[in-house]
Amino acid sequence: MTLLLAALGVLGVSSSGPLIAATLAGSSVTALAIAFWRNALAAVVMAAPVAIREPRQFRLLGRREYLWSSLAGLALAFHFVCFILSLTLTSVAAATALVCLQSGWIAVVSLIRGRRLPRAVIVGLGISFVGVVAITGLDLGGSHEALLGDLLAVAGGILAGLYTMAGGQARQTMSTGTYTALCYGVCAVLVAILALVSGQRLAGFEPIGWAGIFAITIAAQLVGHTAFNHLVATLSPLVVSMIILLEIPGAAILAAVFLHEVLPAGTYAGLACILAGLAVVVLGQRRARRDRAVEAELGAD
């Protein structure tokens, strides 16, 4: 089940970049409209079953749950703003690669908090990042406009890491439905405020634009993000963010097929490195947990 959810999640988020780029280029849809509708619609879809079948789940939520869900929604809102704007300035491959480096930022935060990472995790991150470089190649910062897009994507990656970590805290005591409904709802409200302040419209688009919004909502939000929000309750935020690295080759391949962007030369080698790095991290974390369990057992008497 975990592998299936991971595969669905990767497929869903991989479609995000190409679908957003195509929608922005082929219609009058604004960047903030995409961020607003994908979260507002997803929040309703995720909240409805819970409200109908187990409404008391919302009534049982406490300050802790609201705090972490709101923090996740805040980080997600600005993550979307940065990522979607970056797609208008740089290539899908570059924007996706940089925004998916959230695993590195999660590791940095862990180190800052004084947590010692297993050597295997650091090695695995290094191998995966070699794969990221192999995919993006020299595409990064090719012009001043592209450089700005790259910087926005980096900011989006930092925010994605914060979103994943906050979600990991929230999901300790919340179901997928309640967490995603609150998180997506907070995100939608914040994006609506940003749209109002910046003057970007959220409606009045042509049919092709609405079709793009619905496709992004279904594929990237309901399938992709929700799958990972479910997995973060059983896997560590670092492992989930490592799996998300597979979005990079996935988005590059989809952009090449549907948007006719040139497929980076190192895509397949990069994919192999990312998979190898992910395997090293997962195995390293399992070994570390097993060692801690043995130490605890030996110290019990």
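Another aspect to go through is the overall build of the chain. Assigned secondary structure in the chain consists of 14 helices and zero strands. Counted from the first residue to the last, the chain has its helices and strands arranged as α-α-α-α-α-α-α-α-α-α-α-α-α-α. Rg of the C-alpha trace for the chain: 19 Å, near the compact-globule value of 19 Å for 301 residues, within the 12% margin. When the backbone C-alpha atoms are referred to their principal axes, the chain occupies close to 70 × 50 × 35 Å. Looking at the 301 residues of the chain, the share that counts as buried comes to 50%. Across the chain, contacts joining residues at least 24 apart in sequence account for 86% of those joining residues at least 6 apart. In the chain, the 17 positive side-chain charges and the 12 negative ones have mean positions that sit 9 Å from each other.

Here the focus is helix H13 (residues 247-258). An α-helix turns once every 3.6 residues. As a result, residues three or four positions apart point the same way. Over its twelve residues, H13 extends 16 Å from the first C-alpha to the last, a length consistent with the 16 Å expected when each residue adds 1.5 Å. For H13, the full list of buried residues reads Glu247, Ile248, Pro249, Gly250, Ala251, Ala252 and Ala255. Phi turns positive, to about 60 degrees, at His260, one or two residues after H13.

This part covers the confidence of the model for the chain. Caution is warranted with low-pLDDT regions, since their predicted coordinates should not be read in detail. Across the chain, the average pLDDT comes to 85, with 93% of residues at 70 or higher. Between the elements of the chain, mean pLDDT differs from a low of 70, seen in helix H14 (residues 267-298), to a high of 95, seen in helix H10 (residues 176-198). Under a pLDDT of 50 for its full length, residues 294-301 has, in the predicted model, zero contacts with residues more than four places off or in other chains.

The subject of this paragraph is the packing of helix H3 (residues 31-53) against helix H11 (residues 207-231). Taken N-terminus to C-terminus, the directions of H3 and H11 make an angle of 55 degrees; their axes are 9 Å apart at the nearest point. Here H3 lies oblique to H11, going by the angle between them. Between H3 and H11 the crossing geometry is right-handed. Contacts between H3 and H11 pair Ile34, Trp37, Arg38, Asn39, Leu41, Ala42, Val45 and Met46 from the former with Trp210, Ile213, Phe214, Ile216, Thr217, Ala220, Gln221, Leu222, His225 and Thr226 from the latter. Of the residues in the contact of H3 with H11, the class split is twelve nonpolar, five polar and one charged.

Another point: empty space enclosed by the protein. This model, assessed by the stated rule, comprises one cavity of 30 Å³ or more. Roughly 260 Å³ of internal volume is contained in the largest cavity. As for the largest cavity, its lining consists of 20 residues, and the residues nearest its centre are Val13, Gln102, Tyr163, His225 and Ile244. Among the elements of the structure, helix H5 (63-87), helix H9 (144-170), H11 and helix H12 (237-244) are those that each provide at least two residues to the lining of the largest cavity. Sorting elements by how many residues they give to the lining of the largest cavity places H11 first, with four residues. A breakdown of the residues in the lining of the largest cavity according to their chemical character gives twelve nonpolar, six polar and two charged.

One finds Ile20, Ile34, Ile84, Tyr163, Tyr184 and Phe228 to be the most contacted residues of the largest nonpolar core, which totals 77 residues. Top element by residues in this core is H3. It accounts for ten residues. Ignoring anything within four residues of it in the chain, the contact list for Ile34 reads Ile20, Thr23, Leu24, Val29, Ile84, Ile213 and Ile216.

Tracing the backbone through its elements, the reader meets Arg64 in helix H5. Separated by 42 residues in the primary sequence, Arg64 and Ala22 have C-alpha atoms spaced 39 Å apart. The residues touching Arg64, leaving out its near neighbours within four places in the chain, are Gln169, Ala170, Gln172 and Thr173.

Attention now goes to the state of the cysteines. A full pass over the atoms with the stated rule returns zero disulfides. A disulfide-free cysteine, Cys183 has its sulfur positioned 6.7 Å from the sulfur of Cys187, the nearest such atom.

All right, on to the environment of Ala211 then. Tracing the chain through its elements places Ala211 in helix H11. Ala211 sits 188 residues away from Thr23 along the chain, and the two C-alpha atoms are 8.6 Å apart.

Reading the values: rules and limits
Every chain is numbered independently, its residues counted from 1 as its sequence is written. This being a predicted model, a pLDDT of at least 70 is required before a residue's local features are given, and a value of 80 or more before pairs of side-chain atoms are given or counted; all residues contribute to the totals for chains, interfaces and linings. The side-chain quantities take in all heavy atoms of the structure and omit both hydrogens and water. Numbering of helices and strands starts at the N terminus; helices are DSSP runs of H or I of at least 4 residues and strands are runs of E of at least 2. Values of the radius of gyration come from C-alpha atoms, whereas the globule rule sets the reference at 2.2 Å times the count of residues to the power 0.38. Categorising residues by exposure relies on relative accessible area from a 1.4 Å probe, with only protein chains included: less than 20% of the type maximum marks a residue as buried, more than 50% marks it as exposed, and the intermediate range marks it as partly exposed. Contacts were defined at the residue level, with two residues in contact if any of their heavy atoms lie within 4.5 Å. Here the positive residues are Lys and Arg and the negative ones are Asp and Glu; neither His nor the chain ends is included. Charge positions are represented by NZ for Lys, CZ for Arg, CG for Asp and CD for Glu. Expected helix span is taken as 1.5 Å per residue step, with the number of steps being one fewer than the number of residues. pLDDT: the predictor's confidence for each residue, scored from 0 to 100. Helix axes are fitted only over the stretch in contact, all axes being lines through C-alpha atoms; the angle between N-to-C directions runs from 0 to 180 degrees. Angles are sorted into four bins: roughly parallel if under 35 degrees, roughly antiparallel if over 145, roughly perpendicular if 65 to 115, and oblique for all others. By convention the crossing between two helices is left-handed if the near helix lies anticlockwise of the far one by an angle smaller than a right angle, and right-handed if it lies clockwise. Residues are sorted three ways: Asp, Glu, Lys and Arg are charged, Ala, Val, Leu, Ile, Met, Phe, Trp, Tyr, Cys and Pro are nonpolar, and all the rest, Gly among them, are polar. The distinction between a cavity and a pocket rests on a 1 Å grid over the protein atoms alone: a 1.4 Å probe fits inside a cavity but cannot get out, while a pocket stays open yet meets protein on both sides within 12 Å along at least five of seven lines, and a residue with an atom within 4 Å of a point counts as lining. Grid points are joined across faces, edges and corners, and a volume is the space filled by probe spheres set on the points. Joining through side-chain atoms within 4.5 Å is the link that ties buried Ala, Val, Leu, Ile, Met, Phe, Trp, Tyr and Cys residues into a set, and such a set is a nonpolar core. Only a pair of cysteine sulfur atoms within 2.5 Å qualifies as a disulfide here.

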